[in-house]
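Overview (structure and organization)
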Amino acid sequence: MIMHTLRPVAFDHPDAVKLNDEVQLEYAERYGDDGDATWLDPGMFAPPRGLYLLAYDERGRPVASGGWRTQDANEEAYRDGDAELKRMFVVRDARGHGLARRILAVLEEDARAAGRTRMVLETGTKQPEAMNLYVSSGYTPCDKFGLYRFDELSRCYAKPLAPAAPAAPAAQPQPSEATA
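All residue numbers refer to position in the chain's written sequence, counted from 1. Totals for whole chains, interfaces and linings use every residue, but because this is a predicted model, local features are given only for residues with pLDDT of at least 70 and side-chain atom pairs only at 80 or more, for both listing and counting. The basis for every side-chain value is the complete set of non-hydrogen atoms in the structure, without hydrogens or water.

With that settled, the discussion passes to the overall build of the protein. Under the DSSP-based scheme used, a helix requires at least four consecutive residues in state H or I and a strand at least two consecutive residues in state E, with every element numbered from the N terminus. Helix and strand content of the protein: three helices and seven strands. Viewed in the frame of its principal axes, the protein has a C-alpha envelope of about 80 × 45 × 30 Å. Within the protein, the proportion of its 180 residues that are buried is 43%. Pairs of residues are marked as contacts when any of their non-hydrogen atoms sit within 4.5 Å. Restricting to contacts in the protein with at least 6 residues of sequence separation, those with at least 24 account for 64%. Think of it in three bands: residues with accessible area under 20% of the maximum for their type are buried, residues over 50% are exposed, and the middle band is partly exposed, with areas taken using a 1.4 Å probe on protein chains only.

On to the sheet that holds strand β3 (residues 62-71). At least two DSSP bridges between two strands are needed for those strands to be called paired. Pairing is mixed in the open sheet, where seven strands are placed in the order β1-β2-β3-β4-β5-β7-β6. Each of the sheet's edge strands pairs with one partner strand only, and the pair in question is β1 (5-8) and β6 (140-141). The sheet contact formed by β3 and strand β4 (residues 82-90) spans seven bridges and is antiparallel. In the sheet register, G67 faces β4, and the bridge partner there is K86. Its contacts with the sheet place helix α2 (residues 99-113) against β1, β2 (50-56), β3, β4, β5 (118-124) and β7 (154-160), and it is angled at close to 25 degrees to β3. What counts as an axis is a line fitted to C-alpha atoms, over the stretch in contact for a helix, and the angles between N-to-C directions run from 0 to 180 degrees.

A few words on the nonpolar core. Buried Ala, Val, Leu, Ile, Met, Phe, Trp, Tyr and Cys residues form a nonpolar core when they are joined through side-chain atoms within 4.5 Å. By size, the foremost hydrophobic cluster in this structure holds 39 residues, and its most contacted members are L85, I103, L107, M119 and Y134. Mapped by element, the contributors of at least two residues to this core are α1 (14-31), β2, β3, β4, α2, β5 and α3 (128-136). With six residues, the single largest contributor to this core is β2. Apart from the residues lying within four places of it in its own chain, the contact partners of I103 are L6, L53, A55, A64, S65, G66 and M88. Of all hydrophobic cores here, the second largest spans six residues; its members include V120, F145, C156 and A158.

Comment: phi is negative for the bulk of residues other than glycine, and the bulk of peptide bonds are trans. Omega for the peptide link from P47 to P48 comes to 5 degrees, which places this bond in the cis form. Within the secondary structure layout, P48 lies in the loop between α1 and β2.

A word on the packing of aromatic side chains. The criterion for an aromatic pair is that two Phe, Tyr or Trp rings (for Trp, the six-membered ring) have centres within 6.5 Å, with stacked assigned to planes under 30 degrees apart, edge-to-face to planes over 60 apart and tilted to the rest. Following the criterion strictly, the structure yields five aromatic pairs and no others. Consider the rings of F11 and Y52, whose centres lie 5.0 Å apart with planes at 85 degrees: the pair is edge-to-face. Of this pair, F11 sits in the loop between β1 and α1 while Y52 is found in strand β2, placing the two residues 41 residues apart along the sequence. Judged on exposure class, the residue F11 and its partner Y52 are both buried. Their ring planes at 70 degrees and their centres at 5.3 Å tell us that F45 and Y52 sit as a pair that is edge-to-face. What makes F45 buried here is its relative accessible area of 3%.

Right under this line is the structure:
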């Protein structure tokens, strides 16, 4: 079994830049354009208003990425409380090991802990494996938002981030009949 380590990094960390360049090439290949033109500032992913993760393989090679950033109601149709998923990507030779699902779960938990109420994402029709991942992880189609909200190839999904359940109180020992 291949072991992968998740590490929080800055969006402008050299390994994050390398993977972002790779995902942009894949977007360009799939869509026949220059990749995702969404403007992303590294500060958007700085805790507590976001988080950016990389997965490293056993050789220390960065093989997957993903992040979330805070969004609130604005002219691009986001809603108050949104956490937007960005740059989910797994290099081709590391796919099929559950890395995207693992990163997604950590990002959802972090956004929930930061008080975000809904995780949202935009993907495209030429990324069917991404759409399958999100639907199988509880995401449903939603009103379009973001830079590509008017693009016919764009698909937007959302998942409520229920508040973390409070810890169950410790069971109190009950007096036995012999001592009652």
